Each structure stands twice: as structure tokens, then as C-alpha cells.
There are 2 protein chains.
Amino acid sequence: MGVVLPFEENRAEPGIESLVALVAADMGRVNDMILSRTGSDVTMIPEVANHLISSGGKRLRPMLTLATGILSGYEGEGHVKLAASVEFMHTATLLHDDVVDESDMRRGKPAARIKWGNEASVLVGDFLLGQAFRMMVEVGSLRALQILSDAAAIIAEGEVMQLAAAKNVETGEDAYLRIIEAKTAELFGAACEVGPVIAGRPEAEARAARDYGMALGIAFQLVDDALDYGGAAAALGKNVGDDFREGKITLPVVLSLRRGSDADRAFFRRTLERGEIREGDLEEALGIMRRTKALEDTVARARDYGRRAVAALDVHPDGPMKRALVEAVAFCIARAY
Amino acid sequence: MGVVLPFEENRAEPGIESLVALVAADMGRVNDMILSRTGSDVTMIPEVANHLISSGGKRLRPMLTLATGILSGYEGEGHVKLAASVEFMHTATLLHDDVVDESDMRRGKPAARIKWGNEASVLVGDFLLGQAFRMMVEVGSLRALQILSDAAAIIAEGEVMQLAAAKNVETGEDAYLRIIEAKTAELFGAACEVGPVIAGRPEAEARAARDYGMALGIAFQLVDDALDYGGAAAALGKNVGDDFREGKITLPVVLSLRRGSDADRAFFRRTLERGEIREGDLEEALGIMRRTKALEDTVARARDYGRRAVAALDVHPDGPMKRALVEAVAFCIARAY
């Protein structure tokens, strides 16, 4: 199983080591903050929260808040709390997503809902969201609060859009992009935007940071969509074929439906819309995607968004943090290979 | 079915008509705000939200925010948005609670999760929480934001505490009070506190408003607990015996366990802890509660907290709003009869 994705021109393996190194000192404080703010006398809360938080996520989103703060010359302590808030918002979304998707696995471990039940996943998610807002309030920037509370509502809206579009093979590329803009890219955009905002930088820089984050977020999600049909998925602790089995309409499916034969469309209607999945159907789906070049074009679109992300950094002169942010884009896209 | 609760001294039926009348003009604007902020292009969101919001809740919590704002001489528009935020926080909690409790009914109608699924209840709850924070941010009071974000985290903490205590017959009265302080009273307290806060009143008045709300919230929850074992429950659209069937340890059970015989304790261990419920067990539970005076003492404690709520209003001179708030306490307690 697994599909061979086309090689990219650049064969030097891009990493996020430079980004990790440049934010390392602040990230240590973010990790302390995360640990202290998941603390509660109610022992189930740190148990459930830390099961997920300590399960080896890359913490890309909080790193972006720190990075854009540092890039903006911010010298206070607020970016640490905002970064921790962003990670809590993300963790809350994952806990609730697992309940919505009835997932059994997350980051290669049993999902929290399997160990503690749906109830605990819902409620600990709510607790983390509450703690996220508490930390934002402590930072005291109303503009940052506005950006992140907007994001909280938009992310949930995107998740409901996805729920409504699930199993609907009529979903077009535009509709799909609107869903992932809301459910995934919005938090990347907000995470990046609050950096220049708390540094008091001009609106144009805040806008550029947001554009960078949004484009990176879309690229990130598109690569994820491709990975769900193969590639390095296993190494990332993802189950290949999860989206397929859940009837999720992602870009590889949208492109296959548009370019495939009537028989291909009938196949996706049976498997995704009606949920009648038989032995060998995932391989059949992969065959259609290969034939319609759906996976390679999904990754090609991710690369387009990656270029947009890099272009948004034009407002900044060359420097180590800017280069690290460019590399982070390449890293997200290289995950597909 | 149903248990006869002891008559209270005061037989004139206390209502919340005065409170309703005094906040009517502002409440109209709160209702408009609620309607406009549940709006979304994603049609499932207003459908799910309005199913619950328009199902005849009394909107006691937002009324309290308006009332304490008016009592504090507040003349701006912020109390309207904060009141709507409080109602959204409450609605989000109800949507998530139904998923946690696997409830079929809410306010005499099928629960949203029955009509649209657990997924929609979780995600629309998240959306409403996000919208609540957006409105708070628009009001621009960092102190009000702090109070309400503290409340959001504490409520979730209380819900997890309740989850951990479920089916545990060792739960004592103190532990139980800590749970309902967090999961119910905290939002009443916060709803009341933000009124004087945005009016810029001295800390002592904000503290008094909070004390009023907290005591009222505890009284409200204790009466609810008693109603779950009978009384006017049917008229309120509640199923008698829900807490019993779900194995919830509430004050009537705590008091029965403390005062009952070994056989009574064995009965509650079988039914609540092990969930082995047979025909006639609810009637048996009611019999134990009658014998141990568990229901009348639950209501007596509610009356004590009601007195504390009224005493907290001492900082204010007599006037129509203060009288309406006193009546609201009597109304909450009279629901038990």
C-alpha cells in the first residue's frame, strides 16, 4: 500500500531545525507554561491533556507565534503566553475532532477518547479552550484577543462545514478550499499575526504575517490530505486510508471525481457517499488517483501555496529568522515525499 | 411517581415578572444579538443553535448581567453583548453536556445530538463559545474578559470533577458543593459580577454581585437536584429520575447515604455505582429519600443559600431592581414546590 509521489526538484531534505534553534529559549518557557496551565486538582485533566500534549506533536503553531514575534523585534513576555494559548486551542480542536470523527488513533497512540471516553475528551477540550483565553487575557492585547477569538469561531465553523460536506461527492474545489482555510489555515494565520501585533508593528506587517500563516496552513493541510492516501504517512503515526473510511471529501477525491470516468464517480459515490466499502476499495481509490494525477496535483497546489507563503515574507529583509520561516514552508511540503 | 415536598411558609407565588419587566428593553436587544450572532453561511449552525436557544429557556443568566449592570447605573451598551456572551457560554455547556450525559431530551424537546448527532453538538458548542469571546472582546473590558474566561475554564473543570465523581458513592457533601460551585454557580457569579465591573463600580460592589450570583447559582442547582426526584419536574420539561438512571451523585443521594441504613447504602451502590437498575428502583430511592428527609433538607440548604444571596444585596439601597433580584431568589427556590 502507499503511492509513490513525484520527486521534487530540491533533494536536499528541508527541516525545521533552524526554526527550532532560533525559538528554543522561548519554546522552553512555552513548554513550562503548557505544563503549569494543564495543572488542576482534578487529576483527570492533566492526565488527558498531557496524553495528547506530550505525544510528540511538532508544536509548529506556537513556534510560529514565537518566530513572528521575534522577527518583529518583540521584547516582552507576551508571545510566550500567546504561543501556549495557540497550542491549547489546537489541542482542544484535536480532542473534539477525535470525538467527531470517532478516531481510534492520534499521533500513533490510542486517542484520548479511547482511554478516557468521549466525555473526558469533550470536557478537557473545553477546559483547555478556557485556559487559552485566560492566558490571552493576561497578555492584555485586545487586538490579539480579537484575532484569536475570531479564529476560535472560524475554526469551529470550518469543522461544521466539513461535517456538512462529508460524504457529499458534489463538493467542489472552491468549497473544499473554504473548509480548510477555516478549519486549518485560520489558526496558522492567527498564530503568525499576533506576533507583529503585540510588537506594535504596522498593519502591513501584521497582514503579511497572517498571509504567510494562512498560505502555509493550506499547504500543510493539502499535504496531509495527500498523505492520508500514502507516502510517509506511517512514519507520521497516521493511518493510511482514514479519510477514505470516514467518507471525507478531500482534494485528492475532488480532483479524481472531476477528472475520472463515470465508473470512477460511481465508485466514490458507493464508497464515500453510501459508505459501502469492500476489501480492495482503498487500492482501487489509489489507482484512480494515480490515473487522474490527483495526488501529485494536490501536492502541486500545496507547493503553489508554499510559494505564496514565502512571497508574503518579502516585507522583511534577509536574516536568519526569515530564512528559517522559508525553510519551514519547504519542510511542510517535503512531508509529502 | 413524584414526591411531595414540604410546603414553604410563604405561599404567595414568587415570580420573576418584576425582573423580566425591568430588563425587558435591554433583553430585546440581547435577543437580537443572539439571533444575529448565531447566523452563519453554514446553515447547520443556526439550525442547531436555535433549536436549543429558542426552546424556552428563561434566560435567567443574561437577565442577571443586565440587572446588575442597571443596578450599578451602567449607561453604555456593553452589558447587552456581555449578556449575550453569557447565554452563549451557557448554551455551549448544554450542548456539550448532552453529549457527555448521552441525554435524549433537553427542555422537553429531543436534544440537538439526537436530531443532528454528537458531532454537531460538539462543534456548534465550540462555535458559540468562540462567538461569546468575540462579543466580550468587542466590549473591550479586560476585567470582564478575565472574569468570563476564568468562568469558562472553571465550568469545564467542574464538569470533569462531576465526571470523576459519577457513580462514586463515597462523594461527600463538601466535594459535591465544590462540583456545583464550579459547574453551575460560577457562571451565575460571573454573569452578575461583570455588571458592576463594566459600570466601573468599586471592588466591594463587584464582589457583592458575585456573591449574590454564586449563592443563587448553588440554590438553583440544589433545587434542580431535588426536582430530578420529583416535584414540579414534569412541568419544567425535565425527566424525573434522569440523575438516578445516569448514576449521578447529587445532594439528595449524598444525604441519603449518610443518614440511611446499611441496606440503603447497598441499594445505592448497586443502582448508582454498578448501574444495576431494576423495575421499581426509582420508587425505592424516593422512599429512602423520604425516610432520610434528603429531599426536604436539600431544599432547606437551597433556602440557606438563597438567604446568603439576598444578604449580599445589602450594599445597595432599597429600590425596584434590588427587590426584583430578591424576588428572583425566591422564584428559584419556589420551583421546588
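In short, a report on the structure. (Residues numbered from 1 in each chain as written. Chains lettered and ligands numbered in written order. Predicted model: local features only at pLDDT ≥ 70, side-chain atom pairs only at ≥ 80, totals over all residues. Heavy atoms only, no water.)

1. A few points about the overall build of chain A
So, step 1. Along chain A, the regular secondary structure elements total 14 helices and two strands.
So, step 2. Its C-alpha radius of gyration of 20 Å places chain A within 12% of the 20 Å reference for a compact globule of 337 residues.
So, step 3. Taking the principal axes of the C-alpha coordinates as reference, chain A spans close to 60 × 50 × 30 Å.
So, step 4. In chain A, buried positions account for 61% of the 337 residues.
So, step 5. Restricting the contact set of chain A to residue pairs at least 6 apart, pairs at least 24 apart contribute 77%.
So, step 6. Carbon and sulfur atoms provide 49% of the accessible area of chain A, an area that totals close to 12800 Å².
So, step 7. Seen as two clouds, the 40 positive and the 51 negative side-chain charges of chain A have centres 2 Å apart. (Helix = DSSP H or I, 4+ residues; strand = E, 2+ residues; numbered from the N terminus. Rg over C-alpha atoms; globule rule 2.2 N^0.38 Å. Buried < 20%, exposed > 50% of the residue type's maximum accessible area, 1.4 Å probe, protein only. Contact = heavy atoms within 4.5 Å. Areas by Shrake-Rupley, 256 points an atom, 1.4 Å probe, with all protein chains shown as cover. Lys, Arg positive; Asp, Glu negative; His and termini not counted. Charge placed at Lys NZ, Arg CZ, Asp CG, Glu CD.)

2. What about the environment of A:Ile198?
All names here are of chain A.
So, step 1. Considering the arrangement of structural elements, one finds Ile-198 in helix α7 (residues 173-198).
So, step 2. Classification of Ile-198 by relative accessible area gives buried; the value is 17%.
So, step 3. In this structure, the C-alpha to C-alpha distance between Ile-198 and Gly-69, residues 129 residues apart in sequence, is 7.5 Å.
So, step 4. The contacts of Ile-198, once residues within four sequence positions are left out, are Tyr-74, Gly-78, His-79, Leu-82, Val-139, Ser-141 and Ala-144.

3. Remarks on the packing of helix α4 (residues 78-101) of chain B against helix α5 (residues 112-139) of chain B
Residue and element names in this part refer to chain B.
So, step 1. Packing of α4 against α5 brings their axes to within 8 Å, and their N-to-C directions diverge by 155°. Considered as vectors, α4 and α5 are oriented roughly antiparallel to each other. The handedness of the crossing between α4 and α5 comes out as left-handed. (Axes fitted to C-alpha atoms, helices over the stretch in contact; angles between N-to-C directions. Parallel < 35°, antiparallel > 145°, perpendicular 65-115°, else oblique. Left-handed = near helix turned anticlockwise from the far one by under 90°.)

4. Things to note about the interface of chain B and chain A
So, step 1. Listed by partner, the interface residues are 37 residues for chain B and 37 residues for chain A.
So, step 2. Three residues, B:Leu123, B:Arg134 and B:Val160, lead the burial of chain B against chain A; their summed loss comes to 17% of the area buried on that side.
So, step 3. Taken together, the links from chain B to chain A amount to two salt bridges.
So, step 4. Notably, a salt bridge pairs B:Asp150 with A:Arg134, separated by 2.8 Å at the nearest N-O pair.
So, step 5. Summed over the shared surface of chain B and chain A, the number is six residue pairs in polar contact (both at pLDDT 80 or more). (Buried area = accessible area lost by both parts, 1.4 Å probe. Salt bridge = Lys/Arg side-chain N within 4 Å of Asp/Glu carboxyl O. Polar contact = N/O pair within 3.5 Å; in protein donor to acceptor, adjacent residues only side chain to side chain.)

5. Some details on unusual backbone geometry
The bulk of non-glycine residues show a negative phi, and the bulk of peptide bonds are trans.
So, step 1. Positive phi is not limited to glycine here, since A:Lys293 has a value of about 55°.
So, step 2. By secondary structure assignment, the location of A:Lys293 is in the loop between α12 (281-291) and α13 (294-312).
So, step 3. With a phi angle near 55°, B:Arg59 is a residue other than glycine that sits in the positive phi range.
So, step 4. Locating B:Arg59 in the fold gives a position in the loop between α2 (44-53) and α3 (60-71).

6. Focus on the relation of the copies chain B and chain A
So, step 1. Overlaying chain B with chain A gives an RMSD of 0.0 Å, the required rotation being 180° about an axis along which the chain moves by 0.0 Å. This pairing of chains is accounted for by a two-fold axis.
So, step 2. A share of 100% of the interface residues of chain B reappears at the interface of chain A, consistent with the copies meeting face to face through the same patch. (Least-squares fit on C-alpha atoms with pLDDT ≥ 70 in both.)

7. Concerning the packing of aromatic side chains
So, step 1. The tally for this structure, following the rule as stated, stands at nine aromatic pairs over all chains.
So, step 2. Relative to B:Phe133, the ring of A:Phe133 has its centre 3.6 Å away and its plane inclined at 5°; by these criteria the two rings are stacked. Here the residue A:Phe133 occupies a position in helix α5 (residues 112-139), and B:Phe133 occupies one in helix α5, the pair thus bridging two chains.
So, step 3. According to the relative accessible area criterion, A:Phe133 is buried, its value standing at 1%.
So, step 4. Summarising the aromatic geometry, the rings of B:Tyr229 and B:Phe244 are spaced 6.4 Å apart at their centres and angled 75° between planes, so their arrangement reads as edge-to-face. Taken together, the residues span a long stretch of sequence, with B:Tyr229 in the loop between α8 (203-227) and α9 (242-245) and B:Phe244 in helix α9 at a distance of 15 residues. Judged on exposure class, the residue B:Tyr229 and its partner B:Phe244 are both buried.
So, step 5. Among the aromatic side chains, those forming a connected cluster through ring pairs are A:Tyr229, A:Phe244, A:Phe267 and A:Phe268.
So, step 6. Taking the ring centre of A:Phe220 as reference, the NZ or CZ of A:Arg335 above it sits at 4.3 Å. (Phe/Tyr/Trp six-rings, centres within 6.5 Å; stacked < 30°, edge-to-face > 60°. Lys NZ or Arg CZ within 6 Å of the ring centre and 35° of its normal.)

8. A short note on α3(B)
So, step 1. Along its twelve residues, α3(B) runs 16 Å from first to last C-alpha, staying within 8% of the 16 Å computed at 1.5 Å per residue.
So, step 2. Most of α3(B) sits inside the fold, with ten of its twelve residues counted as buried. (Expected span 1.5 Å × (residues − 1).)

9. Regarding the side chain of A:Arg59
All names here are of chain A.
So, step 1. Within the buried core, Arg-59 has no salt-bridge partner, and the shortest N-O distance to an opposite charge, that of Glu-87, equals 4.0 Å.
So, step 2. Reaching out from Arg-59, the side chain makes a polar contact with the side chain of Asn-31 at a distance of 2.3 Å.
So, step 3. The contact partners of Arg-59, leaving out residues within four places of it in the chain, are Met-27, Asn-31, Ile-34, Ile-53, Ser-54 and Glu-87.

10. Notes on the pattern of salt bridges
So, step 1. Taken as a whole and assessed by the stated rule, the structure comprises 48 salt bridges over all chains.
So, step 2. Among the ionic pairs, B:Lys248 bridges to B:Glu246, the shortest N-O distance being 3.5 Å.
So, step 3. Within the structure, one salt-bridge network assembled from shared partners comprises A:Arg143, A:Glu186, A:Glu193 and A:Arg210.

11. Observations regarding the packing of helix α10 (residues 251-259) of chain B against helix α11 (residues 262-273) of chain B
Residues and elements named next belong to chain B.
So, step 1. The contact between α10 and α11 brings their axes to 9 Å, and the two run at 140°. Residues Val-253, Ser-256, Leu-257 and Arg-258 of α10 form the contact with α11, whose own contacting residues are Arg-265, Phe-268 and Leu-272.
So, step 2. Here the residues of the contact of α10 with α11 sort into four nonpolar, one polar and two charged. (Nonpolar A, V, L, I, M, F, W, Y, C, P; charged D, E, K, R; others polar.)

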